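One-letter residues, chain by chain:
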Amino acid sequence: MSMKFQPFIALLTLLFLLLPLHKFLRVVADLNSDMQALLDFAAAFPHARKLNWNATTPVCTPWAGITCNLNGTSVIAIHLPGIGLSGPIPANTIGKLNALGVLSLRSNNLNGNLPSDIPSIPSLRRLFLQHNNFSSVFPTSLSPRLSVLDFSYNLFTGTIPTTVQNLTRLTILNLQNNSISGAIPNLNLPSLKVLNFSYNNLNGSIPNSLERFPSSSFIGNPLLCGSPLKLCSTFSSSPSPSPSPSYIPSPPTVSQSPHATSKNKLGAGAIIAIVIGGLSFLFLLLVVIFIRCLKRTDSGGSGMLKRKISAGGKSEKPNDFGSGVQEAEKNKLFFFEGCSYNFDLEDLLKASAEVLGKGSYGTTYKAALEEGTQVVVKRLKEVAVGKREFEQQMEVLERVGRYPNVVPLRAYYYSKDEKLLVYNYMPAGSLFSLLHGMSISTSFSNLR
């Protein structure tokens, strides 16, 4: 009996061995497909900042701007803001990334038609295409998982499709500064928190479901009306008929007597007296108002002085880590070689900051950028050093950070009044807290 079952057992064993191999081969095939789609995308147009994308290195070992899932089987995010991409996006490139959840190509010079296979990727959750020159018709096929859709500052045309109503997870919809026309559909999206349709060619009345948003969400559309903008005017179909002249009664003729003439002369004198009295009263009223205004101005000036004196003793609100950055020095964040971050100084300054701790050389913040990236920013204080010497010290810190047990320095910013260091965010906490079994907040308080 056992001899009869031996071939069956051997067949089952072979199947159990081949199933993991088949799954592994499918994962490799999917990742190779993602790699080829990205290479085709990068080869389609020039870009000012060279990407370290090539077929000799695995896509999930840091390709600039590329994020893979935890097990490294597929690409889930692309962040390439402001790197000088120019020209139209070819079809059958990014749209082939079936697991893509976040796509950020904002602040480039992309133009032409937006391939329909990109906004319809089933797994896509956040799409940032603002500040480009796309001129295609607003796409009608959209991923039902979208929570952020930003097409602002482009040249999109057409109407807002009714399929937007199906995006029940949508929290941000920004379409400002385009050429979108037509009426606004009735969008009943309870999760929607930010809406901007300003400066387009929209017309008609604003739906009741969108009246909760401010007027700034709709301005710049001259033919748009309804709350919170001006009320829509209603015109009657036919004007009310004017009475026929035959129905107007003729005034009665009254014969004037010398007695009536004297009454008219007396009435004219009374009118002159009333006018003179009214002008005198008006003059006195203006004098009183002028005197009261002078008194109020004097009292207001003394009140202002008191407020300034009282406010002099109050401490000002402390600045965040970007308070000393000069406007002329924006976007001068220096990244070290091998860094996969793709944000500029403006993104860093707009990020929400959380204080992690304070030390003798400055304050440490956790910064969460709008696209989900988390970094640690060290704001140095009382460091009086020249730019050349500061850069040399940063190069030393960067070399020290190459050791496997040291958090590497990824970028820095230098100006006369502000010096910032950017590190990777380590969610597990510091080595001090792990060794001594203390919380992150407690360990920082001991270092102050």
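On a predicted model such as this, the values are computed, not experimentally measured, just so you know. (Residues numbered from 1 in each chain as written. Predicted model: local features only at pLDDT ≥ 70, side-chain atom pairs only at ≥ 80, totals over all residues. Heavy atoms only, no water.)

Trainee: Would you explain the overall build of the chain in this entry?
Mentor: Counting its regular elements, the chain contains six helices and 19 strands. The proportion of buried residues among the 448 residues of the chain is 35%. Long-range pairs, those at least 24 residues apart, make up 40% of the contacts in the chain between residues at least 6 apart in sequence. Total accessible area on the chain stands at roughly 27,900 Å², and carbon and sulfur atoms take up 60% of it. (Helix = DSSP H or I, 4+ residues; strand = E, 2+ residues; numbered from the N terminus. Buried < 20%, exposed > 50% of the residue type's maximum accessible area, 1.4 Å probe, protein only. Contact = heavy atoms within 4.5 Å. Areas by Shrake-Rupley, 256 points an atom, 1.4 Å probe, with all protein chains shown as cover.)

Trainee: Would you mind going over the state of the cysteines with me for this structure?
Mentor: Note on terminology: a disulfide is the covalent bond linking the sulfur atoms of two cysteines. Counted according to the given criterion, the structure contains two disulfides. Across the disulfide from C225 sits C232; the S-S distance is 2.0 Å. Negative torsions about the S-S bond denote left-handed disulfides, and the value of about 95 degrees found for C225 with C232 makes this one right-handed. Accessibility expressed as a relative area gives 13% for C225, which makes it buried. Across the chain, the way the bonded cysteines pair up, counted in sequence order, is 1-2, 3-4. (Disulfide = S-S within 2.5 Å.)

Trainee: Hey, could you run me through the pairing of strand β17 (residues 374-380) in this one?
Mentor: Sheet faces and side chains relate simply in a regular strand, where the side chains alternate between the two faces. For β17, the buried fraction is high: six of the seven residues fall into the buried class. Taken together, strand β16 (residues 362-368) and the strand that follows it, β17, pair antiparallel across an intervening segment of five residues, in which G372 is found at a positive phi of about 100 degrees. In this sheet, strand β19 (residues 419-424) lies alongside β17 in antiparallel orientation, the contact comprising five bridges. Looking across to β19, one finds that K378 is bridged to L421. (Pairing = 2+ DSSP bridges.)

Trainee: In this structure, what is going on with the sheet that holds strand β4 (residues 102-104)? I would like to understand it.
Mentor: Hydrogen bonds along the backbone pair up the strands of a sheet, which may run parallel or antiparallel. The strand order across the open sheet formed by seven strands is β1-β2-β4-β6-β8-β9-β11, and the pairing between neighbours is mixed. Taken across any chain shown, the strands that pair with only one partner, and hence form the sheet edges, are β1 (66-68) and β11 (194-196). Mean inter-strand twist for the sheet, computed between neighbouring axes without regard to direction, equals 15 degrees. (Axes fitted to C-alpha atoms, helices over the stretch in contact; angles between N-to-C directions.)

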